[in-house]
Amino acid sequence: MATSREKSSKDLPILRQWFRDGRTLEKTLHSCLDGIEASKNAVHLSHQDLVARKTRARMESMDLSILRDSTQGRLSLSPLRNQGFTTVGQIMFLREQQLRAIPGVGAATCRSLMAACATLWDSLAKEMSVRIDFDPTDQQATKLLQSLQRYAQVRALSSNWLSHLGDLSYRLTLNLGLGEPIRPVRWLVTRGSKRTQVLDSLWRIRDILDQDSTKEAHRVAHEVIALTNSPHSDPWPSFETRAADFYSLLAEFVPTTTPLDATQGYLTDEIVAQVNAQGLDQSLLNVNLRGYQVFGAKFALVQRRVILGDEMGLGKTIQALAGLCHRLAQARESSEEVHPSLVICPASVMANWGREITVRTALEYVEIHGYDRQDEVDEWLEKRCIGVTTFDTMKGLRFPSSLRLGVLIVDEAHYAKNPRTGRSRMVKTMCDKADYVWFLTGTPMENRVEEFTTLVRYLQSDVLPPGKLPTTALAFRQAVSPVYLRRNAVDVLQELPPRIDQDEWVFFTPADLVAYASAVRSGNLMAMRQAGYEADFSAKLTRFIELVEEASANGLKVVAYSFFLNTLSRAELASPIKVFGPLTGEISPKKRQSILDDFTTHSGPALLLGQIKVGGVGLNIQAASVVILLEPQLTPTSEDQAIARSHRMGQVRPIQVYRILAENSIDQSLVELLASKTKEFDQYARHSEVAARSGQAIDVSFEGLNQQLVSIEQARDLA
């Protein structure tokens with residue numbers, strides 16, 4: 001009896017239809033895969049075009065003398081200078097016959113000139129880092145952003161199917177090649193085992209076509225083809241709000257120019273080797289990590305109990321979430337028992353943590369916030385997921401004595417710097433219950449080295465044992481390096497736009513002087529700091545209005561900070577443009593985030609007001625490119641942290657920072673104090689290589705500071 005496949009050889013129309021259907025699908029798959037590859041190539045090409053333009057601009061500004069330097073002085077430039085050439089850019093694209101036409105330029109000089117220009121071009125292009133300025137009229141930048149946007153869209157459609165699409169295409173092509181003799185003319189001359197081979201291949205094609213996964217792959221391929229053939233949309237609105245995502249995508253194509261030591265936080269070779277050997281499972285992440293962020297997450301995993309002390313704006317939250325995703329993914333894969341994890345943070349950033357977990361990961365969380373939230377604690381423990389709570393809420397919560405945490409994350413960990421407070425004791429207790437503990441803070445010390453030392457001891461008490469602090473800088477670096485990792489924005493974000501600081505000094509008006517003198521006589525430091533905004537037409541308020549009007553005229557958004565609610569109220573009433581806020585400690589985290597979202601999405605100029613301790617913690621305010629500090633603060637970290645909420649990863653415009661200061665006032669003393677404290681922070685905590693001499697305080701206490709400043713101003717007033 002003939003087999004079903006032998007019988008089917010008599011039904012040639014059906015066999016040939018299978019072949020045609022297979023060929024149609026093969027073409028679709030090839031077109032899809034070509035489109036995916038083309039989306040990658042478009043990024044490379046558009047990036048090369050932008051680099052070429054920037055390289056050419058750089059060479060056009062270079063003096064000719066650099067060509068002589070590159071040839072160790074052997075190249076004579078006199079003939080070029082005699083003809084009025086002064087820059088490399090004027091000759092770099094001249095053809096050989098054009099160079100030879102210059103009097104005094106012979107064949108050897110011509111060849112040397114062309115070789116020197118080519119070498120210089122290659123060197124500059126290789127080192128050129130691309131920062132995309134926010135300029136929708138820049139056609140080359142637009143092409144690069146469009147290609148990145150298209151690549152992201154194509155990858156989102158095809159990433160889960162890419163290997164299957166390639167395998168399906170390969171199997172179809174193989175069997176279509178074997179089944180080629182089914183065509184009418186060739187079939188007549190195909191005999192014996194060759195016919196059996198053809199029929200087997202056609203049946204395999206039919207089996208492939210009938211699979212549900214093939215049908216789904218076919219659908220995905222059509223969507224990819226439709227997308228790659230569709231016109232590009234305007235990428236600038238997306239870039240303005242999600243610049244960090246664009247740069248993360250670009251990092252997949254362009255080798256980073258970030259110094260390796262900067263990425264690794266200047267750690268010891270031994271620790272770096274251990275971190276580099278650590279894997280990072282990113283299957284539960286929905287975001288592209290920068291290289292330094294991968295390193296930070298792996299550092300937290302390897303060292304287990306650490307301070308991620310990166311400068312504000314570098315993504316400490318996503319590094320911690322990446323480490324947490326790795327732990328949970330590995331536990332699930334190995335069927336290891338999963339323990340609940342906990343995030344403790346200020347109330348102002350709770351909404352941001354929830355948003356980051358939801359958008360950036362595939363993890364589940366429970367918000368534990370408010371008075372008597374034991375029901376939420378029970379839900380969190382039952383689900384064994386991430387709990388997100390605040391320092392204040394933690395005071396009223398009850399946990400089982402047997403509680404074991406997989407990961408404890410303490411955001412803005414400097415809130416727990418004083419070991420004598422209940423908040424710090426609570427954090428220490430939770431640290432003892434966790435397998436991994438990660439402190440996140442860009443300001444591990446604000447006033448005293450002991451603040452930094454306290455945080456280190458919570459994590460690894462043997463690193464800096466009491467009474468045995470290292471006496472040399474090298475010994476201290478070696479002791480602290482297992483615990484502390486810090487990278488600074490200027491070192492790792494090549495695309496970060498410039499920050500321009502400007503102190504705006506004003507002279508008090510007669511009305512200002514009256515208010516200020518009264519505050520000085522009362523000996524009230526806080527009244528002295530606010531006095532510049534008491535009068536109806538104060539000099540400070542007038543300058544504030546002028547700065548806001550100037551920003552508005554340029555279509556820019558502004559964020560203004562003050563320590564004082566009264567000052568913010570005066571600014572709100574005087575503002576010539578739309579006002580959002582103020583962000584204060586009295587409003588709920590969700591309301592705070594809602595205000596920020598409204599400010600970000602508002603079309604046109606706008607002003608966001610915030611108390612500096614609120615607006616400086618855990619918020620992303622990239623929409624504002626003008627920052628106004630209405631008065632100087634008592635610590636440089638307060639100012640830096642507030643400014644970094646705008647001058648951070650994702651910012652696309654240069655940041656203008658204005659400090660409004662009054663001559664012959666408390667402001668002068670505060671500016672000097674800030675400069676002194678900044679120097680101390682740089683010495684102790686700016687890098688992972690913390691230079692420490694001892695654990696003693698490095699400046700006076702706040703109590704002493706207040707009296708010191710008041711005395712200075714009272715002496716000035718008497719003079």
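Our structure is the block above this text.
Residues numbered from 1 in each chain as written. Predicted model: local features only at pLDDT ≥ 70, side-chain atom pairs only at ≥ 80, totals over all residues. Heavy atoms only, no water.

Enquirer: Can you help me understand the sheet that holds strand 2 (residues 341–345) in this one?
Expert: Two strands in a sheet stick together by hydrogen bonds in their backbones, pointing the same way (parallel) or opposite ways (antiparallel). Strands sit in the order 3-4-2-5-6-1-7 across an open sheet of 7 strands; the sheet is parallel. Two strands lie at the open edges of the sheet, namely strand 3 (365–368) and strand 7 (484–485), each paired on one side alone. When strand 1 (residues 305–308) meets strand 6 (residues 434–440), the two strands line up parallel, connected through 4 bridges. Each residue of the ladder has a partner; that of Ile307, found in strand 6, is Phe439. (Pairing = 2+ DSSP bridges. Helix = DSSP H or I, 4+ residues; strand = E, 2+ residues; numbered from the N terminus.)

Enquirer: In this structure, what is going on with the side chain of Lys540? I would like to understand it.
Expert: With respect to the element layout, Lys540 can be found in helix 26 (residues 539–553). Judged by relative accessible area, Lys540 falls into the buried class, the value being 2%. Of the polar contacts made by the side chain of Lys540, one reaches the side chain of Asp667; its length is 2.8 Å. Lys540 has contacts with Val506, Gly532, Tyr533, Leu630, Glu631, Ile660, Leu661, Ala662 and Asp667, leaving out every residue within four places of it along the chain. (Buried < 20%, exposed > 50% of the residue type's maximum accessible area, 1.4 Å probe, protein only. Polar contact = N/O pair within 3.5 Å; in protein donor to acceptor, adjacent residues only side chain to side chain. Contact = heavy atoms within 4.5 Å.)

Enquirer: Is there a simple way to think about the environment of Ser424 in this case?
Expert: Position of Ser424 among the secondary structure elements: in helix 20 (residues 422–431). Placed 33 residues apart in sequence, Ser424 and Phe391 show a C-alpha to C-alpha distance of 9.2 Å. Dropping the residues within four chain positions of it, Ser424 is found in contact with Ala416, Lys417, Asn418, Pro419 and Tyr458. In terms of polar contacts, Ser424 uses its side chain to reach the backbone carbonyl oxygen of Asn418, at 2.6 Å.

Enquirer: How do you make sense of the sheet that holds strand 11 (residues 607–611) when you look at a structure like this?
Expert: Overall, parallel pairing links the 6 strands, which are arranged 8-13-12-9-11-10 in an open sheet. Because the sheet does not close on itself, it has two edges, and the strands there are strand 8 (499–506) and strand 10 (579–583). In this sheet, neighbouring strand axes are inclined to one another by 15° on average, regardless of whether the strands run parallel or antiparallel. Note that strand 10 and strand 11 share 3 bridges and pair parallel. Directly across from Leu583, in strand 11, lies its bridge partner Gly610. Seen against the sheet, helix 26 touches strand 8, strand 9 (558–562), strand 11, strand 12 (626–629) and strand 13 (655–662) and runs at an angle of roughly 165° to strand 13. Packing against the sheet, helix 28 (residues 589–601) makes contact with strand 9, strand 10 and strand 11, and its axis sits at approximately 155° to strand 10. (Axes fitted to C-alpha atoms, helices over the stretch in contact; angles between N-to-C directions.)

Enquirer: When you look at the packing of helix 14 (residues 269–277) against helix 15 (residues 291–303) in this model, what are you seeing that I'm missing?
Expert: Helix-helix packing is described using two parameters, namely the angle between the two axes and the distance between the axes. Two elements in contact, helix 14 and helix 15, have axes whose closest approach is 9 Å; the angle formed by their N-to-C orientations is 100°. By the angle between their axes, helix 14 is roughly perpendicular relative to helix 15. On the side of helix 14, the interface is formed by Ile271, Val272, Gln274, Val275 and Asn276, while helix 15 contributes Phe295, Lys298, Phe299, Val302 and Gln303. For the contact of helix 14 with helix 15, the per-class residue count stands at 6 nonpolar, 3 polar and 1 charged. (Parallel < 35°, antiparallel > 145°, perpendicular 65-115°, else oblique. Nonpolar A, V, L, I, M, F, W, Y, C, P; charged D, E, K, R; others polar.)

Enquirer: Looking at this model, I keep getting lost on unusual backbone geometry. Mind explaining?
Expert: Excluding glycine, residues mostly carry a negative phi; peptide bonds, for their part, are mostly trans. Omega for the bond connecting Gly581 with Pro582 falls within 30 degrees of zero, at 10°, which places this linkage in the cis form. Turning to its location among the elements, Pro582 is positioned in strand 10. The residue Arg384 is not glycine, and still its phi comes out positive at about 55°. Examined against the element boundaries, Arg384 turns out to sit in the loop between helix 18 (374–383) and strand 4 (386–390). The phi dihedral of Asn664 falls on the positive side, at around 55°, and the residue is not glycine.

Enquirer: How do you make sense of the nonpolar core when you look at a structure like this?
Expert: Side chains that are nonpolar tend, in soluble globular proteins, to be buried together. Core analysis: the largest hydrophobic core is formed by 38 residues, its most contacted members being Leu324, Trp353, Leu363, Val388, Ile409 and Trp438. For this core, the element with the highest residue contribution is helix 16 (residues 316–333), accounting for 8 residues. Ile409 has contacts with Ala320, Leu324, Leu342, Val343, Ile344, Trp353, Trp438 and Leu440, leaving out every residue within four places of it along the chain. Ile307, Ile344, Leu397 and Leu403 belong to the second largest nonpolar core, which has 35 residues in total. (Core = buried A, V, L, I, M, F, W, Y, C linked by side-chain atoms within 4.5 Å.)

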